[in-house]
Amino acid sequence: MFNQLDTLAADPILGLMAAYQQDTHPQKLDLGIGVYKNEEGLTPVLESVSEGQNRHIALENTKSYLNPAGYPGFNEAMQTLIFGEAHPALMSHRVATVQTPGGCGALRVAAELIKRAMADVTIWVSDPTWANHIPLLGDAGLSIKTYPYYDPKNKGVRFEDMLEVLAQLGTDDIVLLHGCCHNPCGADLSKEQWQTLAGLALERGFVPFIDMAYQGFGDGLEDDAYGLRLLSEQLPEVIVATSCSKNFGLYRERTGCISFVCESEKAMKATKSQLLSVARGIYSMPPAHGAAIVEAILNHSTLREQWIQEVDGMRKRMQGLRSAFSKGMAIRGHDNFSFIENEKGMFSFLGLTPQQVEALRVRYSIYMINSSRVNIAGISSVNIDYLCDSVSEVLE
Ligand code: PMP
């Protein structure tokens with residue numbers, strides 16, 4: 001039976017990682033893999049997470065099964081983090097939230113539920129989008145199309161082009177949006193653009209599906225949720241996938257949740273029962289540990305405050321690196337990198353050709369994926385001059 005299977009090509013990011021690990025260059029630099037790193041190039045456990053974990057372990061008295069909805073208290077605490085205190089959709093009991101194995105699990109559970117609700121729906125994703133959106137949603141059997149988003153020439157959102165395509169959509173369409181810190185391009189919608197989008201979704205009847213993987217990494221925990229909170233206030237139906245991988249640094253604990261904002265409490269209850277059944281059919285129930293830590297943090301005022309400060313610290317470090325890189329390039333005669341300073345979160349395209357990306361890797365041991373998407377958090381005060389010098393050299 002298995003003799004018939006073809007061997008698939010290895011994931012290019014994994015290949016890049018393997019090459020980086022074997023590289024012996026003393027100044028080698030990894031800007032490829034998408035995890036937050038500190039000044040020392042490490043991804044340590046957050047202090048609030050260590051403390052939350054200690055508290056959880058001290059109280060944990062069983063490893064018995066959880067349930068398909070996840071860790072008690074986590075979903076409620078996450079709803080407040082995502083939608084904000086006293087959001088009208090929460091107040092009217094219209095939001096079904098279920099814990100999932102990370103943001104990937106949230107996206108997949110949503111795709112399965114969408115298929116149950118309407119089999120011939122089309123999901124519209126931004127061009128470009130995070131590469132894994134395609135298998136996570138497409139493997140569930142949904143049809144995927146793209147809408148224009150990033151303009152590599154002008155380094156910004158092609159908002160008029162995006163609206164033109166979305167204006168053709170209707171009630172059997174779902175539009176996947178990055179809540180903040182667009183991966184891969186870092187170009188986000190402005191508040192005014194979110195408002196325009198809300199009006200268009202209301203008029204056309206398509207359902208926005210917001211992927212929120214970096215809350216707190218753009219402008220702050222509250223500001224980053226502006227778009228999704230606005231849409232959830234103005235529209236009858238919205239889907240929100242949330243990941244705790246980045247802002248809690250819980251990558252390997254697979255912690256996240258999926259929320260469906262429904263038209264009524266009755267629809268919410270039906271949707272929740274379907275979500276639980278989808279979860280049961282894929283993995284039965286999500287892992288408990290990460291969610292228990294998140295719950296311990298969010299429901300404890302001093303720990304929560306400490307976590308907020310740690311998220312602020314990560315964000316400010318990335319904002320500082322963005323501005324240092326723009327200035328570093330300007331000093332070297334390349335004043336067209338100011339867009340990096342205005343983009344948000346962990347990722348941006350440097351706007352280099354695949355040949356220039358290869359030259360950076362071969363000549364300077366600087367690793368990034370072919371599209372020239374870089375992980376800003378991979379830069380530090382130690383390597384920024386080397387990076388700016390090397391990028392300047394390959395641009396000559
Ligand atoms: N959405 C986006 C846009 C992402 O970048 C990621 C992580 N790279 C995820 C979702 C999923 O995150 P995870 O499954 O690790 O929580």
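Refer to the structure above for everything that follows.
Residues numbered from 1 in each chain as written. Predicted model: local features only at pLDDT ≥ 70, side-chain atom pairs only at ≥ 80, totals over all residues. Heavy atoms only, no water.

Here we take up the packing of aromatic side chains. With the rule as written, the count across this model stands at 10 aromatic pairs. Look at Tyr150 and Phe349: their rings are 5.5 Å apart centre to centre, the planes differ by 45 degrees, and that puts the pair in the tilted class. Separated by 199 residues along the polypeptide, Tyr150 in strand 5 (residues 150-151) and Phe349 in strand 11 (residues 347-349) bring together distant segments of the chain. For the pair formed by Tyr150 and Phe349, the shared burial category is buried. Note that Lys191 overlies the ring of Tyr226, its terminal NZ or CZ placed 5.1 Å from the centroid. (Phe/Tyr/Trp six-rings, centres within 6.5 Å; stacked < 30°, edge-to-face > 60°. Helix = DSSP H or I, 4+ residues; strand = E, 2+ residues; numbered from the N terminus. Buried < 20%, exposed > 50% of the residue type's maximum accessible area, 1.4 Å probe, protein only. Lys NZ or Arg CZ within 6 Å of the ring centre and 35° of its normal.)

Here the focus is the pattern of salt bridges. Pairing between side chains becomes possible if they bear opposite charge and their charged atoms approach one another. For the structure on display, the rule yields 14 salt bridges. Notably, a salt bridge pairs Arg55 with Glu51, separated by 3.0 Å at the nearest N-O pair. Here Arg55 pairs with Glu51, and both are found in helix 2 (residues 47-59), just 4 residues apart, close to one helical turn. The class for Glu51 is partly exposed, based on a relative accessible area of 29%. Look at the salt bridges and you will find they share partners, linking Arg108, Glu112 and Lys115 into a network. (Salt bridge = Lys/Arg side-chain N within 4 Å of Asp/Glu carboxyl O.)

What follows concerns the packing of helix 12 (residues 301-331) against helix 15 (residues 384-395). Between two packed helices, the angle of one axis relative to the other and the distance separating the axes together describe the packing. Where helix 12 meets helix 15, the axes come as close as 10 Å, and the angle between the chain directions of the two elements is 45 degrees. In this view, helix 12 runs oblique relative to helix 15, as classed from their interaxial angle. Where helix 12 crosses over helix 15, the two elements pack in a sense that is right-handed. Taking contact as the criterion, the partners of Leu321, Ala324, Phe325, Gly328 and Met329 in helix 12 are, on helix 15, Ile384, Leu387, Cys388, Val391, Ser392 and Leu395. (Axes fitted to C-alpha atoms, helices over the stretch in contact; angles between N-to-C directions. Parallel < 35°, antiparallel > 145°, perpendicular 65-115°, else oblique. Left-handed = near helix turned anticlockwise from the far one by under 90°. Contact = heavy atoms within 4.5 Å.)

The ligand sits among Gly102, Gly103, Cys104, Trp130, Asn183, Asp211, Ala213, Tyr214, Ser243, Ser245, Lys246 and Arg254. At a separation of 2.8 Å, an oxygen atom of the ligand approaches a polar backbone atom of Cys104. Within the contact set of the ligand, a nitrogen atom lies 3.0 Å away from a side-chain nitrogen or oxygen of Lys246. Here the ligand loses 91% of its free accessible area of 400 Å² to cover by the protein chains. Spatially, the ligand is embedded in the largest pocket. No other element matches the 3 residues that helix 5 (residues 102-117) contributes to the shell around the ligand. Of the residues contributing to the shell around the ligand, the split by class is 4 nonpolar, 5 polar and 3 charged. (Near = heavy atom within 4 Å. Polar contact = N/O pair within 3.5 Å; in protein donor to acceptor, adjacent residues only side chain to side chain. Areas by Shrake-Rupley, 256 points an atom, 1.4 Å probe, with all protein chains shown as cover. 1 Å grid on protein atoms, 1.4 Å probe; cavity = no way out; pocket = protein on both sides within 12 Å on 5 of 7 lines; lining within 4 Å. Sits in = over half its atoms within 2 Å of the grid points. Nonpolar A, V, L, I, M, F, W, Y, C, P; charged D, E, K, R; others polar.)

With that settled, consider the layout of surface pockets. Looking at the largest pocket, its volume works out to about 1,000 Å³. In terms of lining, the largest pocket is formed by 37 residues, of which the most central are Ile13, Trp130, Asn132, Asn183 and Arg373. Broken down by secondary-structure element, the contributors of at least two residues to the lining of the largest pocket are helix 1 (12-22), helix 5, helix 6 (133-138) and strand 11. In terms of residues, the lining of the largest pocket owes the most to one element, helix 1, which gives 4 residues. Across the lining of the largest pocket, the residue classes tally to 21 nonpolar, 11 polar and 5 charged. For the second largest pocket, the calculated volume is near 500 Å³. Lining the second largest pocket are 24 residues; nearest its centre among them are Ala117, Ile174, Val207, Glu237 and Phe260. Elements with a contribution of two residues or more to the lining of the second largest pocket: helix 5, helix 8 (191-204), strand 9 (238-243), strand 10 (256-261) and helix 10 (265-282). Of the residues forming the lining of the second largest pocket, the biggest block, 4 residues, is contributed by helix 10. Residues that form the lining of the second largest pocket fall into these classes: 19 nonpolar, 4 polar and 1 charged. (Points joined across faces, edges and corners; volume = space filled by probe spheres on them.)

Nothing here speaks to function; it is all geometry.
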